[in-house]
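# Topology and contacts: notes
Listed below are the residues making up each chain.
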Amino acid sequence: MDSSILSKAYQKPASNILADVCALAAKMDDVIDLSVGDPNFTTPQPIIEAAFAKTKQGMTHYTAAEGLPELRQAICNFYQEKYQLNYDQSQVLVTVGAEHALFVALEAILDPGDEVIIPEPCFSPYIDQVKIANGTPVIVDGKPEDGFKIDAAEIAKKVTPKTKAIIINTPNNPSGNVMTAEEAKALADLAIKDDLLIFSDEIYSDYVMADKKFTPIAKFAPDNVVIVSGMSKSFAMTGWRIGYLIGPDWLITAANTVNDSVTFTAPTMSQEAALYGLQHHDELVAPIVGAFQKRLNYLQQELPKIDWLDVSPVEGSIYVFADIRATGLGSVDFADQLLKKAGILVVPGLAFGKCGEGFVRIAATQPLDKLQEAVEKMKKLTW
Ligand SMILES: Cc1ncc(COP(=O)(O)O)c(C=O)c1O
């Protein structure tokens, strides 16, 4: 037997823009890895201890399929306290990461041919998830001249009778934009007018620069918005794999039915960890977010001093999306050469969509001294 037995969709290896650069990086010593979106902190000790204590007490079984009731309630409480949004436990599904949350939700809503509008540059799994659910991704290209803002007017132009949903991400990976309340309201109005769902990926909601504010779009269209979020970024908990979906209870019920055949429940000890984390949100998140703000401020200040590189103001997230068009190189070539010449690994903008060409994503997921070392190395480069 050979690979021809695979589904036609998987017969050819998937194209992975980063794979070659990463393969090369893996063979090199002393690479400064600014590619991964994984905060470099270990999960706060109190979270680890709380999870292990519960595990030792016997929390080693399945939980309810939708998640631990206490955790679902803690998620509701968090949105109530932080954003004055009222949700009932029946509107929350705990999942194995935010990515899984979006996957089961898309699977639950899409029929073949249904369209989902996705502003690019974006977290690339959105596109594949829509396709896996037999939907059609409809791309809205962001514009470098306005910092790749998510623009309701541009999205409106792509709405057809087949459109079911829009996927947005704010604070944004990779652009670092945070939608203003006015921008969010304009998109919410469109969703209400055209009866569309908005999947709002808010995984970076705590990562907002000091002079900016994150306003959840659900404030303006509570019945149309499905929140996708999780513990990975705010709590440096990528490995625990806990995310969640918050939305209309009929969608949560359907998404849970999908998930019955996928993972059934999220890991119990990870749910306990998430529960402790959310109950102590502010004190645990502040030092992590504070460190990232310092790093992003440093990068914003120093990177523009390099004459072949430009950076728009970072509003949030843990990334800088740097403009490298002045080098005359494409983003994949640039990333390859930056690795070979300076031992620095970044993600080509093309990995986030065609409109990301000419840009690279620099993740601030290294300590300040490593970022300083990277910047000093970049300052010496010419193209
Ligand atoms: C925008 C965005 N959404 C979701 C995820 C994945 O989150 P999780 O680890 O909870 O699956 C990432 C990870 O980088 C991301 O950047």
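Residues numbered from 1 in each chain as written. Predicted model: local features only at pLDDT ≥ 70, side-chain atom pairs only at ≥ 80, totals over all residues. Heavy atoms only, no water.

### Re the site of the ligand
- Near the ligand lie 13 residues; those nearest to it are Ala98, Asp201, Tyr204, Ser232 and Lys233.
- Between the ligand and Asp201 there is a distance of 2.6 Å, counted from a nitrogen atom to a side-chain nitrogen or oxygen.
- With respect to the ligand, the side chain of Arg241 contributes an N or O atom lying 2.7 Å from an oxygen atom.
- Across the shell around the ligand, the residue classes tally to 5 nonpolar, 4 polar and 4 charged. (Near = heavy atom within 4 Å. Polar contact = N/O pair within 3.5 Å; in protein donor to acceptor, adjacent residues only side chain to side chain. Nonpolar A, V, L, I, M, F, W, Y, C, P; charged D, E, K, R; others polar.)

### Some points on the pairing of strand 4 (residues 136-141)
- Sheet topology note: the strand 3 (residues 115-120)/strand 4 ladder contains 6 bridges and is parallel. Bridge pairing links Ile118 to Ile139 in strand 4.
- Following the backbone out of strand 3, through helix 5 (residues 125-132) and into the adjacent parallel strand 4, one traces a crossover that is right-handed. (Pairing = 2+ DSSP bridges. Helix = DSSP H or I, 4+ residues; strand = E, 2+ residues; numbered from the N terminus. Right-handed = clockwise from strand over helix to strand, strands pointing away.)

### As for the packing of aromatic side chains
- What the rule picks out here adds up to 19 aromatic pairs.
- Ring centres 5.5 Å apart and planes at 80° place the aromatic pair Tyr204 and Tyr319 in the edge-to-face group. Of this pair, Tyr204 sits in the loop between strand 6 (197-201) and strand 7 (225-230) while Tyr319 sits in strand 10 (residues 319-323), and the two are 115 residues apart along the sequence.
- Measuring from centroid to centroid gives 5.4 Å for Tyr207 and Phe292, while their planes differ by 85°, and the two rings are edge-to-face. One end of the pair, Tyr207, is in the loop between strand 6 and strand 7; the other, Phe292, is in helix 10 (residues 281-302), and 85 residues separate them in sequence.
- Phe292 sits in the buried class, given a relative accessible area of 1%.
- Members of the aromatic cluster, connected to one another through ring pairs, are Phe78, Tyr79, Tyr83, Tyr87, Phe214 and Tyr244.
- Here Arg295 stacks its cationic end above the ring of Phe292, 4.7 Å away from the centre of that ring.
- Its guanidinium or amino end placed over the ring of Trp383, Lys341 lies 4.3 Å from that ring's centre, counting from NZ or CZ. (Phe/Tyr/Trp six-rings, centres within 6.5 Å; stacked < 30°, edge-to-face > 60°. Buried < 20%, exposed > 50% of the residue type's maximum accessible area, 1.4 Å probe, protein only. Lys NZ or Arg CZ within 6 Å of the ring centre and 35° of its normal.)

### Some details on the sheet that holds strand 7
- Taken in spatial order, the 7 strands line up as 2-8-7-6-5-3-4 in an open sheet, and their pairing is mixed. At either margin of the open sheet sits one strand with a lone partner, and together these are strand 2 (92-95) and strand 4. Neighbour-to-neighbour, the strand axes of the sheet open up by a mean angle of 20°, direction not taken into account.
- Two strands pair when backbone bridges link them, and strand 5 (residues 163-169) and strand 6 are joined in this way by 5 bridges, in the parallel orientation. The partner of Asn169 across the bridge, within strand 6, is Asp201.
- Packing against the sheet, helix 8 (residues 249-260) makes contact with strand 2, strand 6, strand 7 and strand 8 (243-246), and its axis sits at approximately 30° to strand 2. (Axes fitted to C-alpha atoms, helices over the stretch in contact; angles between N-to-C directions. Contact = heavy atoms within 4.5 Å.)

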